[in-house]
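# Observations on the model geometry
Chain by chain, the residues:
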Amino acid sequence: MSKVIVSSLYDSDVFKMACRQFDKAADAISLPETIRDRTKYPRRCFAVTLPIRRDDGSVTVFEGYRVQHNLSTGPAKGGIRFAPHVTIGEVAALAMWMSWKCSLVGLPYGGAKGGVIVDTNKLSQVELERLARRYMQEMIPFIGPHVDIPAPDMGTNEKMMGWMMDTYSSHMGHVEGAVITGKGGSQGRREATGAGVAYLVKRYLEDLKIPIKKATVVVQGFGNVGSEAALALDNYGAKVIAISDYTTGIYNPKGINLAKAMACIRSGHTLRDFDGGEEITNDEILTLKCTVLVPAALERVITPSNAAKLQCRVLAEAANGPTTNQADKIIDERGDIEIIPDVLCNSGGVIVSYFEWLQNLQNYYWSREEVLTKMFAILDKAKESVEAQKKKFAFSRRLAALTLGIQRVADAKQSRGLFP
Ligand code: NAD
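A short tour of the structure in this document, coming up. None of the values given here were measured: they were computed from a predicted structure. (Residues numbered from 1 in each chain as written. Predicted model: local features only at pLDDT ≥ 70, side-chain atom pairs only at ≥ 80, totals over all residues. Heavy atoms only, no water.)

## What to know about the sheet that holds strand β1 (residues 44-53)
Read from one edge to the other, the open sheet built from five strands follows the order β1-β2-β4-β3-β5, with strand pairing classed as mixed. Here the strands that pair on one side only, and so sit at the sheet edges, are β1 and β5 (148-152). Each strand axis lies, on average, 20° off the axis of its neighbour in the sheet, ignoring direction. Inspection of the sheet shows strand β3 (residues 76-83) paired to strand β4 (residues 111-117) by four bridges, in the parallel sense. Paired with A83 across the two strands is I117, which belongs to β4. In the packing of helix α4 (residues 125-139) onto the sheet, the strands contacted are β1, β2 (59-70), β3 and β4, and the crossing angle to β1 comes to about 145°. (Pairing = 2+ DSSP bridges. Helix = DSSP H or I, 4+ residues; strand = E, 2+ residues; numbered from the N terminus. Axes fitted to C-alpha atoms, helices over the stretch in contact; angles between N-to-C directions. Contact = heavy atoms within 4.5 Å.)

## Focus on helix α6 (residues 189-207)
Under the 1.5 Å per step criterion, the end-to-end length of α6 is 27 Å for 19 residues, consistent within 8% with the ideal 27 Å. Its maximal kink placed at A195, α6 deviates by approximately 30°. With 14 of 19 residues buried, α6 is to be regarded as a mostly interior element. Looking one or two residues beyond α6, the residue adopting positive phi is K209, at roughly 60°. (Expected span 1.5 Å × (residues − 1). Bend = angle between axes of the 7 residues up to and from the residue. Buried < 20%, exposed > 50% of the residue type's maximum accessible area, 1.4 Å probe, protein only.)

## Re the pattern of salt bridges
Counted according to the given criterion, the structure contains 31 salt bridges. For D11, the salt bridge goes to K16, with nearest N and O atoms at 3.6 Å. A salt bridge links R81 to E299; its shortest N-O distance comes to 3.1 Å. Taken together, the residues R81 in strand β3 and E299 in the loop between β10 (292-295) and β11 (314-316) connect sequence positions 218 residues apart. As far as burial versus exposure is concerned, R81 and E299 are alike and both buried. One network of salt bridges, with partners in common, ties together R81, E90, K113, D153 and E299. (Salt bridge = Lys/Arg side-chain N within 4 Å of Asp/Glu carboxyl O.)

## What about the pairing of β4?
Note on strand geometry: in a regular strand, side chains alternate between the two faces of the sheet. Judged by how many residues are buried, β4 sits mostly within the fold: six of seven residues are covered. Both β2 and β4 contribute to a ladder of six bridges, which runs antiparallel. Considered in β4, the bridge of R66 is made with G114. Once you follow β3 into helix α3 (residues 88-104) and on to β4, the crossover reads as right-handed. (Right-handed = clockwise from strand over helix to strand, strands pointing away.)

## Brief notes about the environment of Q362
Structurally, Q362 is set in helix α11 (residues 348-362). Residue classification places Q362 among the exposed positions, given a relative accessible area of 52%. As a C-alpha pair, Q362 and L258 span 104 residues in sequence and 37 Å in three-dimensional space.

## Let's talk about unusual backbone geometry
A cis geometry characterises the amide bond from F419 onward to P420, with omega recorded as 0°. Mapping P420 onto the fold places it in the segment after α13 (397-416). Phi at K209 takes a positive value of approximately 60°, unusual for a residue other than glycine. By the element assignment, K209 lies in the loop between α6 and β6 (216-220). Overall, the relative accessible area of 72% leaves K209 in the exposed class. We note that N363 has phi near 50°; this positive angle belongs to a residue other than glycine. With respect to the helices, strands and loops of the structure, N363 is situated in the loop between α11 and α12 (368-393). The exposure class assigned to N363 is exposed, which follows from its relative accessible area of 59%.

So this is what it looks like as structure tokens:
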């Protein structure tokens, strides 16, 4: 028998949600008690304080975290989030999902996640650089190309990953590109997550016999993932009718001019400054009538209060954990919406991060076409394995994906044994 003694360190709605998902999946595959808790709980976590000199000469202290959930299947892998709402519980849940995701798509990684509590809109570029570098400086003893390899997530980007790589390399005395991904170290990484989301949407629409050229798309969160998914779906011939960011949503039934929306964001503005349609709220955007709904911002936005009102045919979870467990149940019972669960849907990002890591370790570089073709092949294989598991055990697609991911992590722990 296993006995678990855990504190309330990670206590939060999102961590509880990830734990309940795990429990349900573990029950479904009858995971032995002796392996359950050590597969479920994070292996270790770090909390750091980050004093930063502000442009006016004052000093502000920020707080940051890194949670390494699983190191049994390879070095840990996961993004770093800079956002005001970050908690260690949220980071732990995201780290847990990274474990299942890497495992589901067959990458030789464990799962991790990092975060800093900060509103990046309130910092200058120089202050942001100091914060990114200080975070990496504090993490040096705990990460490395064969220990834990971070990447971007909400509120962080290629430039910040570059500063972090430079900080680590300066400390080591040599260039160490493979310590971090999403820094411009591989062709195709910036667009990988969104391109992967769009590719899977296309494949599922084919299964449903819905012509993509007749599909309408709504995207909540027009950031890295959301904007790239929108662009790729638009390229496939779908019509994107609504997008949003943290300030507002924009709805245009004739189709959003994505090039203009991108130009608006790239020039440092928000969608509030974009006049490409009618303004709607971030709640309203989720219940618009559309073929494909892509939540690409925060977790827990699809809840019992809006799940019954969704009017999409496909729910493509580009964000991590966008659907609460209760909402998931409601959608399951409705039976008219196909969910592409997060651990599958947004896995293109970590797949190409893996390619970036490989290329950086070898200093041998691939073309963009090679990168994306290899990513699509892995996504196809993962989709196939999820569909087979779903059919074999009559699971929901989410349960199929989670059980596959969790089983592989548990198997690795089982075969490696318990030390000491
Ligand atoms: P990002 O910071 O580039 O974009 C986030 C977007 O969400 C922005 O448009 C922002 O304005 C919007 N947003 C923030 N708060 C919001 C709110 N309260 N309501 C509505 N919109 C809000 O981040 P990203 O890298 O695109 O990540 C988005 C999601 O995708 C996250 O859940 C992240 O964990 C997940 N994800 C990212 C990657 C990656 O490679 N970047 C990979 C896998 C999963």
